[in-house]
Amino acid sequence: DINLDSIIVDHQDGSFRAETIIKDFSYLVHIGLSHEIQEDFSVRVVENVGKIEIILKKKENTPWKCLGHPLENHNSFIPRKDTGLYYRKCQLIFKEDVTHDTKLFCWMLPSSTHLQVPIGQHIYLKLTITGAEIVKPYTPVCESLLSECEEPVPHNNKHIYFLIKIYPTGLLTPELDHLQIGDFVSVSNPEGNFKISQLQELEDLFLLAAGTGFTPMVKILNYALTNISSLRKVKLMFFNKTEDDIIWRSQLEKLSHKDKRFNVEFVLSAPSSEWSGKQGHISPVLLSEFLKRSLDKSRVLICICGPPPFTEQGV
């Protein structure tokens, strides 16, 4: 199960750190290098034999007597939940309004980092605000729903996108909103239990999202439509207060026209008098209409994300 998502590499101030996620465990190589290396390096995985190859380039053409000396937790193999979070500084390179209170942010990873957040997993953003560290989890998204999550080659997977709702009284989001292009934020290693294998051989995928609970659905939706050949139907029921709150509405509607397997339904809890679509909160009546298989015994996955009362009620 090892692929490029499984490996996280950081080179900072002469210390080289390479973590490999193997199922629920983490294997760490952590070395203080004996000589300097160039910033860029390459990571390659030969999946069928489980080989990981990390190629570093020397700064000077001189023989090394050894790779370096072991640092904290070098050569450890421990449960992933016990590893703690490791952060690197990422630079804000782009932000734009998506709705009246939600923005799309793009941060660039350092050139000396290899990190790809697996589908369905989240990372933590950390800022120091008036002397206190504030940390919150966010799920990365694609730049656009219609881009099929494929990064253009020049990016080299160095960009991470987030859809973030700005809460005026929040601890972190007003500070994120005030960041200028070029400012830095600390980004953690990925966390989460979602396994991409859950999507294999899937026939029906049902997504239930409320507000920014839509963000984990973005990459799941795109990956399923692009890579799962057995898929017959993907349905998203997206709950919001008003029409103005719907994130990427036009993109979702375009995607449903472009791919006949995909269908989206919007449900509003405080609609205007002109709204002719569904309204209310998550309920057995809404779900029994929505959760209809394409075949009697089709292979189904249901994903749900939103505020805790929404997910508890939905489950």
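As the structure is a computational prediction, the values presented were derived from the model and not from experiment.

## Some details on the confidence of the model for the chain
1) Next: Summarising the model, the chain shows a mean pLDDT of 93, and 97% of its residues fall at 70 or more.
2) Next: Segment residues 149-155 is flagged for pLDDT under 50; beyond a separation of four residues in sequence, or across chains, it makes 8 contacts in the model.

## Details of the environment of C90
1) Next: Tracing the backbone through its elements, the reader meets C90 in strand β8 (residues 87-97).
2) Next: Classification of C90 as buried rests on a relative accessible area of 1%.
3) Next: A C-alpha to C-alpha distance of 6.1 Å links C90 and S186, two positions 96 residues apart in sequence.
4) Next: The contacts of C90, once residues within four sequence positions are left out, are W107, M108, L109, P110, D183, F184, V185 and V187.

## Describing the UniProt feature "domain: CS" (unreviewed entry) in the chain
1) Next: UniProt's entry tags residues 1-68 with the feature "domain: CS" (unreviewed entry), counted in the numbering of this structure.
2) Next: End C-alpha atoms of residues 1-68 are separated by 29 Å, and the span's content is 0% helix alongside 50% strand.

## Some details on helix α2 (residues 215-227)
Since one α-helical turn is 3.6 residues long, residues separated by three or four positions face the same way.
1) Next: Between its first and last C-alpha, α2 extends 19 Å over 13 residues, near the 18 Å set by a 1.5 Å rise per residue.
2) Next: Every buried residue of α2 is listed here: T215, P216, M217, V218, I220, L221, N222, A224 and L225.
3) Next: Where α2 is buried, its residues contact β13 (159-165), β15 (204-210), β16 (233-240), α3 (249-258), β17 (262-268) and β19 (300-305).

## Looking at the sheet that holds strand β12 (residues 132-138)
1) Next: One open sheet accounts for 6 strands, arranged β12-β11-β14-β8-β9-β13; its pairing is antiparallel. Looking at strand neighbours, the two that pair on one side only are β12 and β13, the edges of this open sheet. Ignoring which end each strand starts from, the neighbouring axes of this sheet average 40° apart.
2) Next: Taken together, the 7 bridges between strand β9 (residues 102-108) and β13 define a ladder with antiparallel strand orientation. Counterpart to L104 in the pairing with β13 is L163.

## Regarding the pattern of salt bridges
1) Next: Enumeration over the complete set of coordinates arrives at 18 salt bridges.
2) Next: For R249, the salt bridge goes to E253, with nearest N and O atoms at 3.1 Å. Here the residue R249 and the residue E253 both occupy positions in helix α3, the gap between them amounting to 4 residues, near one helical turn.
3) Next: Across the pair E265 and K278 runs a salt bridge whose closest N-O atoms are separated by 2.8 Å. Taken together, the residues E265 in strand β17 and K278 in strand β18 (residues 278-279) connect sequence positions 13 residues apart.
4) Next: For E265, a relative accessible area of 17% puts it in the buried group.

## Re the side chain of T102
1) Next: For T102, the location among the structural elements is in strand β9.
2) Next: Dropping the residues within four chain positions of it, T102 is found in contact with E96, D97, L163, I164, K165 and I247.

Definitions and cut-offs
- Residues numbered from 1 in each chain as written.
- Predicted model: local features only at pLDDT ≥ 70, side-chain atom pairs only at ≥ 80, totals over all residues.
- Heavy atoms only, no water.
- pLDDT = per-residue confidence, 0-100.
- Contact = heavy atoms within 4.5 Å.
- Helix = DSSP H or I, 4+ residues; strand = E, 2+ residues; numbered from the N terminus.
- Buried < 20%, exposed > 50% of the residue type's maximum accessible area, 1.4 Å probe, protein only.
- UniProt positions renumbered as here; feature names shortened; annotations may be inferred.
- Expected span 1.5 Å × (residues − 1).
- Pairing = 2+ DSSP bridges.
- Axes fitted to C-alpha atoms, helices over the stretch in contact; angles between N-to-C directions.
- Salt bridge = Lys/Arg side-chain N within 4 Å of Asp/Glu carboxyl O.

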